[in-house]
Amino acid sequence: MNIKNLLLDSNSKFIEYVVVPLLILVIAFILSKVLRAILNKFVTGASSKLNVDPTKYNFLKNAVSFVIFTLAVVVIFQTIPALRAYGVTLFASAGILAAIVGFASQSAFSNIISGIFIVIFKPFRVGDLINIGEIHAGTVEDITLRHTIIRNFENRRIVIPNSIISEQTITNSTLTDDKTCMFVLMSISYDSDIDLAMTIMQEEAMAHPFHIDNRTQEDIDNGNPDVVVRLVNFGESSVNLRASVWANHPSDGFAMKCDLHKSIKERFDKEGIEIPYPYRTIVYKEKKDS
């Protein structure tokens, strides 16, 4: 009986100390493979839409494996009674260390989470022309899980943490359509010919090589003009006109707007349309003799 009990006890310990831990590790390995495959499919799809190298997100797959195997070790320690006491001490120390590291890395984790949100919700992609708040503008050159790199119009690289971008209002000029409408504003004097000035702005805009006809078929059938010029308001010393001119790309639109300022000004000078200076009337009062 003693030998039989000893054998049963040995078999029980063998199962408890060897078989169960191995089984837990095998399950963890299989689960890790499955989740990595699912995550790899998601990252590949998101990276193709964002035009970003998918290898930048390999740490996510590694993080999944790390978490799963860490949980497996915790389960093993809880399963084996002899290791529970050591496990409590070990994981308590690890918890304190994790809390210290987590507190010191709050900013880094915030950037990573914001980077994941950018990958999921795609407010912008590599190659998009964006404005971030009222300060930074340019073309998105690279997106990582920590930061985004923007090439501004001076060909300088602006590295912005993702957590800062997520708190800003983003104006994306090329998210769905590159075409852009530029407003060309001109002011003329009150005694200038308004109809002539509007015709000049229309002709100069339509003659520019970057200008495109963005009218719908209904607009064409109704005879709506290609370039719409409107009187938008009255200033202190000027009548303010605005032309809406379309271009294929925001950079073309900016160049076109600058060219039109010059060409319209030259036509105004030639046709006698005045761009007024502000007028001020000064009244002098004479001092009375005491």
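Presented here is a report on the structure given in the accompanying data block. As the structure is a prediction and not an experimental result, all values here were calculated from the model.

### Thoughts on the overall build of the protein chain
Per the secondary structure count, the protein chain includes eight helices and nine strands. For the protein chain, restricting intrachain contacts to residue pairs at least 6 apart in sequence, the fraction spanning at least 24 positions comes to 65%. Carbon and sulfur atoms form 61% of the exposed surface of the protein chain, whose accessible area is close to 19200 Å².

### A short note on the packing of aromatic side chains
Within the structure shown, the criterion is met by one aromatic pair. The ring of Phe183 has Arg242 lying over it, and the distance from NZ or CZ to the ring centre is 4.1 Å.

### Details of the layout of surface pockets
By volume, the largest pocket amounts to about 250 Å³. Every residue along the wall of the largest pocket is listed here: Leu129, Ile130, Asn131, Ala137, Phe153, Ser173, Thr180, Met182, Pro250, Ser251, Phe254 and Lys257. Mapped onto the lining of the largest pocket, the elements with two or more residues apiece are β1 (129–132), β6 (180–188) and α8 (250–271). The greatest single-element share of the lining of the largest pocket, amounting to four residues, is contributed by α8. A class-by-class count of the residues in the lining of the largest pocket yields seven nonpolar, four polar and one charged.

### Considerations on the environment of Pro161
Checked against the element boundaries, Pro161 lands in strand β4 (residues 157–161). Pro161 sits 46 residues away from Gly115 along the chain, and the two C-alpha atoms are 8.8 Å apart.

Conventions adopted
- Residues numbered from 1 in each chain as written.
- Predicted model: local features only at pLDDT ≥ 70, side-chain atom pairs only at ≥ 80, totals over all residues.
- Heavy atoms only, no water.
- Helix = DSSP H or I, 4+ residues; strand = E, 2+ residues; numbered from the N terminus.
- Contact = heavy atoms within 4.5 Å.
- Areas by Shrake-Rupley, 256 points an atom, 1.4 Å probe, with all protein chains shown as cover.
- Phe/Tyr/Trp six-rings, centres within 6.5 Å; stacked < 30°, edge-to-face > 60°.
- Lys NZ or Arg CZ within 6 Å of the ring centre and 35° of its normal.
- 1 Å grid on protein atoms, 1.4 Å probe; cavity = no way out; pocket = protein on both sides within 12 Å on 5 of 7 lines; lining within 4 Å.
- Points joined across faces, edges and corners; volume = space filled by probe spheres on them.
- Nonpolar A, V, L, I, M, F, W, Y, C, P; charged D, E, K, R; others polar.

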